[in-house]
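Here is how the chains run, residue by residue.
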Amino acid sequence: MNTIDSPLLGLSQRLPPTNLQAEQALLGALLANNKAYERVSEFLIPEHFADPMHGRIFQAISRRVEQGQRADAVTLKGEFEHSGVLEEVGGTAYLAQLLSAMVGIINAGEYGRAIHDAWLRRQLVDIGETVVNNAFGAEPELDGSGQVELAEQALFDLAAKGSNDGGFITFERALTDAIHIAERPFHRPGGVSGLSTGLRDLDKKTGGLHPSDLLILAGRPGMGKTALATKIAFGAAKAILAEARAGDPNALPKGSVAMFSLEMSAEQLATRLLSEESRISGDRIRRGDIAQKDFDKFVQVSREISGLPIQIDDTPAITMSALRTRCRRLKRTKGLALVIVDYLQLMRPSAGTRPENRVLEISMITQGLKALATELGIPVIALSQLSRQVENRDDKRPQLSDLRESGSIEQDADAVMFVYRDEYYLEQKMPKEIAFEGSSDKFHAAMDEWQQRMDKAHNRADLIIAKQRHGPTGTIPLLFEGEFTRFGDIDLVHSDYAG
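Thresholds, definitions, all that
- Residues numbered from 1 in each chain as written.
- Predicted model: local features only at pLDDT ≥ 70, side-chain atom pairs only at ≥ 80, totals over all residues.
- Heavy atoms only, no water.
- Core = buried A, V, L, I, M, F, W, Y, C linked by side-chain atoms within 4.5 Å.
- Buried < 20%, exposed > 50% of the residue type's maximum accessible area, 1.4 Å probe, protein only.
- Helix = DSSP H or I, 4+ residues; strand = E, 2+ residues; numbered from the N terminus.
- Contact = heavy atoms within 4.5 Å.
- Expected span 1.5 Å × (residues − 1).
- Pairing = 2+ DSSP bridges.
- Axes fitted to C-alpha atoms, helices over the stretch in contact; angles between N-to-C directions.
- Parallel < 35°, antiparallel > 145°, perpendicular 65-115°, else oblique.
- Nonpolar A, V, L, I, M, F, W, Y, C, P; charged D, E, K, R; others polar.
- Phe/Tyr/Trp six-rings, centres within 6.5 Å; stacked < 30°, edge-to-face > 60°.
- Salt bridge = Lys/Arg side-chain N within 4 Å of Asp/Glu carboxyl O.
- pLDDT = per-residue confidence, 0-100.

Caption draft 1: Looking closely at the nonpolar core. Ranked by size, the top nonpolar core spans 81 residues in total, and within it Val 257, Leu 323 and Leu 369 carry the most contacts. A per-element tally of this core places helix α9 (residues 225-244) first, with ten residues. Excluding its chain neighbours within four sequence positions, the residues that come into contact with Leu 323 are Phe 260, Ile 318, Val 341, Met 347, Leu 369 and Leu 372. Among the nonpolar cores identified, the runner-up in size contains 30 residues, and Leu 27, Ile 57, Leu 95 and Leu 98 belong to it.

Caption draft 2: Examining the environment of Ser 212 more closely. With respect to the helices and strands, the residue Ser 212 is situated in the loop between α8 (200-206) and β3 (214-219). When the C-alpha positions of Ser 212 and Ile 378 are compared, they lie 5.0 Å apart, and in sequence the two are 166 residues distant. Not counting chain neighbours up to four residues away, the residues in contact with Ser 212 comprise Lys 370, Ala 373, Thr 374, Gly 377, Ile 378, Pro 379 and Asp 414.

Caption draft 3: Broad picture of unusual backbone geometry. Residue Ser 212 is not a glycine yet carries a positive backbone phi of 75°. With a relative accessible area of 23%, Ser 212 lands in the partly exposed category.

Caption draft 4: Highlighting helix α13 (residues 320-333). Along its 14 residues, α13 runs 20 Å from first to last C-alpha, staying within 8% of the 20 Å computed at 1.5 Å per residue. Of all the residues in α13, the buried ones are Met 320, Ser 321, Ala 322, Leu 323, Arg 324, Thr 325, Cys 327 and Leu 330. Positioned one or two residues after α13, Gly 335 has a phi angle of 85°, which is positive.

Caption draft 5: How the structure looks around the sheet that holds strand β10 (residues 474-481). With mixed pairing, nine strands are arranged side by side in an open sheet as β5-β4-β6-β7-β3-β8-β9-β10-β11. Edge positions in the sheet fall to β5 (310-313) and β11 (486-489), since each of these pairs with one other strand and no more. Shown here is a sheet whose adjacent strand axes are inclined to one another by a mean of 25°, direction ignored. As paired elements, strand β8 (residues 415-420) and strand β9 (residues 460-468) share six bridges and run antiparallel to each other. For Val 416, the partnering residue across the bridge sits in β9 and is Lys 467.

Caption draft 6: Examining helix α5 (residues 108-135) more closely. The end-to-end C-alpha separation of α5 is 41 Å, in line with the 40 Å expected for 28 residues at 1.5 Å each. The complete set of buried residues in α5 reads Ala 108, Gly 109, Tyr 111, Gly 112, Ile 115, His 116, Ala 118, Trp 119, Arg 122, Ile 127 and Asn 134. Immediately beyond the C-terminal end of α5, within one or two residues, lies Gly 137, with a positive phi of roughly 105°.

Caption draft 7: Just the packing of helix α10 (residues 266-278) against helix α12 (residues 292-305), in detail. Where α10 meets α12, the closest approach of the two axes is 9 Å, and the angle between their N-to-C directions is 105°. Judged on the interaxial angle alone, α12 and α10 are roughly perpendicular. Between α10 and α12, the contacting residues are Leu 274, Glu 277 and Ser 278 on the first element and Lys 297, Phe 298, Val 301, Ser 302 and Ile 305 on the second. When grouped by side-chain class, the residues that make up the contact of α10 with α12 number four nonpolar, two polar and two charged.

Caption draft 8: The arrangement of the packing of aromatic side chains in detail. Scanning the entire structure with this criterion turns up three aromatic pairs. Ring geometry for Phe 49 versus Phe 58: centroids 5.0 Å apart, planes at 40°, classification tilted. Judged by relative accessible area, which is 0%, Phe 58 ranks as buried. An angle of 50° between the planes, with centres 4.7 Å apart, marks the rings of Phe 480 and Phe 487 as tilted. For the pair Phe 480 and Phe 487, one class covers both residues: buried.

Caption draft 9: Local environment of the packing of α9 against α10. One way to put it is that α9 packs onto α10 with a least axis distance of 11 Å and a crossing angle of 75°. Here α10 runs roughly perpendicular to α9, going by the angle between their axes. The residues of α10 that touch α9, namely those facing Thr 226, Ala 227, Thr 230, Lys 231, Phe 234 and Lys 238, are Leu 269, Arg 272, Leu 273, Glu 276 and Glu 277.

Caption draft 10: Representation of the environment of Phe 295. Relative to the assigned elements, Phe 295 resides in helix α12. For the pair Phe 295 and Ile 280, spaced 15 residues apart in sequence, the C-alpha separation works out to 9.1 Å.

Caption draft 11: Highlighting the pattern of salt bridges. Under the defined criterion, the tally for this structure stands at twelve salt bridges. Asp 414 is paired through a salt bridge with Lys 370; the nearest N and O atoms lie 2.7 Å apart. Remark: Lys 370 occurs in helix α14 (residues 358-376) and Asp 414 occurs in the loop between α15 (406-412) and β8; sequence separation between them is 44 residues. Comparing Asp 414 with Lys 370 shows no difference in burial state: the two are buried. Linking Arg 469 and Asp 414 is a salt bridge whose minimum nitrogen-to-oxygen distance equals 2.9 Å. Of this pair, Arg 469 sits in the loop between β9 and β10 while Asp 414 sits in the loop between α15 and β8, placing them 55 residues apart in sequence. Look at Arg 469 and you get partly exposed, because its relative accessible area is 41%. Of the residues examined, Asp 414 reaches a relative accessible area of 4% and is grouped as buried. Salt bridges sharing partners connect three or more residues here, namely Arg 63, Arg 64 and Glu 79.

Caption draft 12: Highlighting the confidence of the model for the protein. Residues at a pLDDT of 70 or more form 84% of the protein, whose mean pLDDT is 79. Across residues 1-12, confidence stays below pLDDT 50; counting only partners more than four residues off in sequence or on other chains, it has 14 contacts. This model gives residues 495-499 a pLDDT under 50, and the stretch forms 14 contacts once residues within four places in sequence are excluded.

Caption draft 13: The arrangement of the side chain of Gln 468 in detail. In this structure, Gln 468 sits in strand β9. Classification of Gln 468 as buried rests on a relative accessible area of 14%. Sequence-distant contacts of Gln 468, defined by excluding residues within four places in its chain, comprise Lys 205, Thr 206, Asp 414, Ala 415 and Thr 473.

Below, the structure is given as structure tokens:
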């Protein structure tokens, strides 16, 4: 290993990884036969070369080949002479020397991968140096945890842009994968191809929650976004556990549901889940206004659901890089089947990034969540607030344009769902006798009309699927029990429901 003495450190410092022989051999192969370019064009760029001169030559070869022109020692000599940079690339003699450095055209792909690997390792060296310098105080405003997040983000970015995986998949393999997906409903309870949400009509409309999908669940405050998200988390966890124990009652689930609660603590979220399942008002639980039998039921339900594979992280204002790291760790240790983020606008972009405005910041977060869903092969549900412009309309049913920073959210999402409760707005429109100037008949008539509308809307909610990339849109009626903040299926014909 080549080393140089560093008078500053008093240590031997290793030179950055390079493979100049591979660079020369590849350029020689390309100059001898331009068809060899096809073996490296998908993943190699000029910046990957350790010698800038080699990068410039590769760039010239790439440009000519992609324009359908011949790229050899003669044509490059003329181009470099015309540009006045022939001497900067070693002159005519060096171009001829590259041809003699060629070992074989068939090895061009191997040369390219060797060059790419050396570039990756040089980037890792740079990241390592930055980590060390920051730890010694090069960035005083970054504390220890911020430096960890910055390093994680740098490694993630390198992994994302440094990968040379990908390419075509045969149609036969794609068809086989499609058949496997279509086969899942026959073997899963409820007949859904994806992960069950625990809501019958939602599963029918979407086929369940599918890997790599980013789903946005949005609504105004008071609509019940968190309650619906916990219902879905609960339903998904039940489905994961049931699938694991279908053959063995003692089997451990192969996946888990990760809930990132940025607004509520883990204890508050657990209390809400217990309230939903035990049908004991969460408000009464907080005030201690429960009888002994209610408390006994509370304890019994907690024992029944304690084995569900749900993990809660209540870190406030969590960054995208921290969320990604924790999801990777959970997938590695306990398995991961679903991620829920409550809610989007409370997240922060990764440490070290300073977006120019809020729209760009949200865009970075939604892109990060979509990348996470794709990387880990899991569905991600992100809750989102709606803008106040909804309140200014007579018809307060939400639309895609009501999403805050809607451009990036709508673009990155595979599905956008709105939760809407007409009862919430009707309660605010209760007629006041003073507004009718003493006319009791008009007041009573208005009250009767209002009461009829309230009766119709009571315990009703609508889940509006405004966008679904892989299926139909539409509205799903749901039951909502406000006392327990609990959603469930509703039977419009028989007026009963299954929770």
